[in-house]
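The lines below spell out each chain.
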Amino acid sequence: MELRQLQYALQIAIDKNFSRAAEKLHIAQPSLSQQLSKLEKELGVLLFQRTTNSVEVTYAGTRFVEKAQKILDMVEQLKQEMEDISQMRKGKLVVGSLPITGAHVLPLVLPVFQERYPEIDIVLVEETTSNLEQLTASGQADISLLSLPLIDDSLDYEPVIEEEIVLAVPPQHPLAARLTQGGRPVDIAELQEEPFIALKRGQGFRQIAIELCNDAGFAPNIVFESSNIETVQSLVAAGMGIAFIPRMLLRGRGSELAPAYVQLSSRPTRTLVIAHRKGRYLSKAVVAFMETFRKVMEAERAKNRPE
């Protein structure tokens, strides 16, 4: 059994198509089929059930792919560790990120990191919270920028940002008048009868929003859902409901379809973290990225801190 055969089987399981898998592996399809047949003969089991139109993973194939992914990940970790020992500066870092959060934070961090470590290639993966947790737990992403709480208990994390959560309301909403009248912040319990707009399931911030309402003694009346928090804000501005929004994602007052933002009396926050799999070897590239991220965000906070 060879490592390349593990890679071949894994790619076939992902694509469920020999042609696509061969293209991604940069080999000819007949060679891929030949290597898989050789592997199955050696193992004495059928890993994939071939039909005219599809490729299905057998029970044995599922077990094989699970173990193959772990083996290949361990090999990659070993290579990274050896590269660090030999002081090699070249490498690749796969960074997962929530799309909107990453759009606000990574443009600050990536230029600084690439200036310091120009020979380390960064691969960005933008996904939902649940998908990023799976990718990070399986080793397909080295680290991911996520918000607490994490669902997958196989992940560990380093906190990097603590930011306030505010309430977005339509500009004509009675609560918006508090902005101009110097009124008191909004108590979340006041929002029990309000229609809420929330992110769809699988997004970490959705759970934060629901827990804020639950802690105030009610379940939110969610009337619209979106996978994009920018769409959530546009719907709020259009008068369709209210929503909780992290402070870094607030729109400028002159922006088209900008909601009004009101401070909450409890001053709730969310914690952004850099997550990685527990027990996973953290390469020097990973450690350097985490340190760079932390320093850049500390500098941004100091720059934006009121005098």
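Before going into details, it helps to say that this report is about the structure given with it. Computed from a prediction, not measured in an experiment: that's the story for all the values here.

**Focus on the overall build of the chain**
Inference 1: The helix and strand inventory of the chain stands at ten helices and eleven strands.
Inference 2: C-alpha atoms of the chain, sized along the principal axes, occupy 75 × 45 × 35 Å.
Inference 3: Sorting the 307 residues of the chain into buried and exposed places 45% on the buried side.
Inference 4: Accessible area of the chain: about 16,400 Å², with a carbon and sulfur share of 51%.
Inference 5: Each charge class in the chain can be summarised by its mean position, and for the 34 positive and 39 negative side chains these summaries are 3 Å apart.

**Some thoughts on the pattern of salt bridges**
Inference 1: Following the criterion strictly, the structure yields 14 salt bridges and no others.
Inference 2: Residues Asp15 and Lys24 are paired through a salt bridge, measuring 2.8 Å at the closest nitrogen-oxygen approach.
Inference 3: The salt bridge involving Glu225 is made with Arg206; its shortest N-O contact spans 2.8 Å. With a gap of 19 residues between them, Glu225 in strand β8 (residues 221-226) and Arg206 in helix α8 (residues 204-215) connect regions that are remote in the sequence.
Inference 4: Classification of Glu225 by relative accessible area gives partly exposed; the value is 36%.
Inference 5: One salt-bridge network, held together by shared partners, links Asp73, Asp142, Arg277 and Arg280.

**Thoughts on the nonpolar core**
Inference 1: Core analysis: the largest hydrophobic core is formed by 32 residues, its most contacted members being Leu167, Val169, Leu191, Ile229 and Phe244.
Inference 2: Taken together, the elements giving at least two residues each to this core come down to β6 (155-169), β7 (195-199), α8, α9 (229-237), β9 (243-246) and β10 (260-262).
Inference 3: In contact with Phe244, other than residues within four places in its own chain, are Ile165, Val166, Leu167, Ile188, Leu191, Phe196, Phe205, Ala209, Leu212, Cys213 and Leu264.
Inference 4: Counting residues in hydrophobic clusters, the runner-up holds 23 residues, among them Leu110, Ile122, Phe289 and Phe293.

**Description of the side chain of Glu194**
Inference 1: Following the sequence through the fold, Glu194 ends up in the loop between α7 (177-181) and β7.
Inference 2: In this structure Glu194 comes out as buried when scored by relative accessible area, which is 18%.
Inference 3: In terms of polar contacts, Glu194 uses its side chain to reach the side chain of His173, at 3.1 Å.

**A word on helix α2 (residues 18-25)**
Inference 1: Phe18, Ala21 and Ala22 are the residues of α2 that are buried. Buried positions in α2, seen along its axis, are confined to an arc of 100 degrees and lie on one side of it.
Inference 2: For α2, the elements touching its buried residues are α1 (3-15), α3 (29-43), β1 (48-50) and β2 (55-57).

**A short note on empty space enclosed by the protein**
Inference 1: With the rule as written, the count across this model stands at three cavities of 30 Å³ or more.
Inference 2: Approximately 130 Å³ is the volume found for the largest cavity.
Inference 3: What lines the largest cavity is a set of 16 residues, and nearest its centre among them are Ile197, Ala198, Leu199, Ala209 and Phe244.
Inference 4: Looking at the lining of the largest cavity, the element that brings in the most residues is α8, giving five residues.
Inference 5: Considered class by class, the residues forming the lining of the largest cavity number 15 nonpolar, no polar and one charged.

**Observations regarding the pairing of strand β4 (residues 120-126)**
Inference 1: Relative to β4, strand β3 (residues 91-97) runs parallel, the two being bridged by seven bridges. When the sheet's bridge partners are listed, Lys92 is paired in β4 with Asp121.
Inference 2: This β-α-β element, β3 to helix α5 (residues 99-116) to β4, shows right-handed connectivity.

What counts as what
Residues numbered from 1 in each chain as written. Predicted model: local features only at pLDDT ≥ 70, side-chain atom pairs only at ≥ 80, totals over all residues. Heavy atoms only, no water. Helix = DSSP H or I, 4+ residues; strand = E, 2+ residues; numbered from the N terminus. Buried < 20%, exposed > 50% of the residue type's maximum accessible area, 1.4 Å probe, protein only. Areas by Shrake-Rupley, 256 points an atom, 1.4 Å probe, with all protein chains shown as cover. Lys, Arg positive; Asp, Glu negative; His and termini not counted. Charge placed at Lys NZ, Arg CZ, Asp CG, Glu CD. Salt bridge = Lys/Arg side-chain N within 4 Å of Asp/Glu carboxyl O. Core = buried A, V, L, I, M, F, W, Y, C linked by side-chain atoms within 4.5 Å. Contact = heavy atoms within 4.5 Å. Polar contact = N/O pair within 3.5 Å; in protein donor to acceptor, adjacent residues only side chain to side chain. Arc of directions from axis to C-beta. 1 Å grid on protein atoms, 1.4 Å probe; cavity = no way out; pocket = protein on both sides within 12 Å on 5 of 7 lines; lining within 4 Å. Points joined across faces, edges and corners; volume = space filled by probe spheres on them. Nonpolar A, V, L, I, M, F, W, Y, C, P; charged D, E, K, R; others polar. Pairing = 2+ DSSP bridges. Right-handed = clockwise from strand over helix to strand, strands pointing away.

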